[in-house]
Amino acid sequence: FPVQKLGTGLSGTVGSVAYRMNGSTIANDVDPGGWGAVELHACQSQAYAAPCPTVASSVYPSQILSQSGNDATVLADMTGSSYSFDPNLYYFLLIYTNGDLAIYGSPLITDNYANGIAQWLTGTVFSPEANVADFAFNICDGATCNIEVDITPPVLTIDSGPLDGG
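Procedures and definitions
Residues numbered from 1 in each chain as written. Predicted model: local features only at pLDDT ≥ 70, side-chain atom pairs only at ≥ 80, totals over all residues. Heavy atoms only, no water. Helix = DSSP H or I, 4+ residues; strand = E, 2+ residues; numbered from the N terminus. Polar contact = N/O pair within 3.5 Å; in protein donor to acceptor, adjacent residues only side chain to side chain. Contact = heavy atoms within 4.5 Å. Disulfide = S-S within 2.5 Å. Buried < 20%, exposed > 50% of the residue type's maximum accessible area, 1.4 Å probe, protein only.

**As for the side chain of Q119**
Alright, step 1. With respect to the helices, strands and loops of the structure, Q119 is situated in strand β12 (residues 117-122).
Alright, step 2. In terms of polar contacts, Q119 uses its side chain to reach the side chain of K5, at 2.9 Å.
Alright, step 3. Setting aside residues no more than four positions away along its own chain, Q119 makes contact with F1, P2, V3, K5, F126, S127 and E129.

**Overview of the state of the cysteines**
Alright, step 1. The final tally for this structure, using the stated rule, is 2 disulfides.
Alright, step 2. Two residues, C43 and C52, share a disulfide whose sulfurs are 2.1 Å apart. Linking C43 and C52, the disulfide has an S-S dihedral of approximately 120° and is accordingly described as right-handed.
Alright, step 3. When its relative accessible area of 0% is taken as the criterion, C43 is described as buried.
Alright, step 4. Two residues, C140 and C145, share a disulfide whose sulfurs are 2.1 Å apart. Sign of the S-S torsion, about 60° for the bond between C140 and C145, identifies this disulfide as right-handed. C145 carries the same exposure label as C140, and that label is buried.
Alright, step 5. Going through the chain in sequence order and numbering each bonded cysteine, the pairs you get are 1-2, 3-4.

In structure tokens, the structure reads:
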């Protein structure tokens, strides 16, 4: 599954995550298909070695906020398991996708989230993501969240809220 490592030193509360996704049958895959769910995992070390328990997860199903053709902005509401970041832990987001769904992001190392990296997780093994440096995502502290910038791929956005303490 695709993951976005977030690093450490984070503060604030996770209430929802918005991200950009592409898929030829995205409306059926997200709802009622159930794909597009998000989990937040916390690890004790920079190595992201197990155990990295799930500390927050989205409610079923995720919601398509906007869609144009095969492109959509998806909202994963995590208020049911709202979580306050511990600045000493290392975090990653895991997005459940099927073979037809792709996560938008930036391939440019200069347009990335400096504390993290997009990767693939197979079992407990992380491996490089060849197509993007980071996902296009926002983490918000409430049930509403969106990506409100130019979303022409590739793009990366980060909410100016909890991740930077603002």
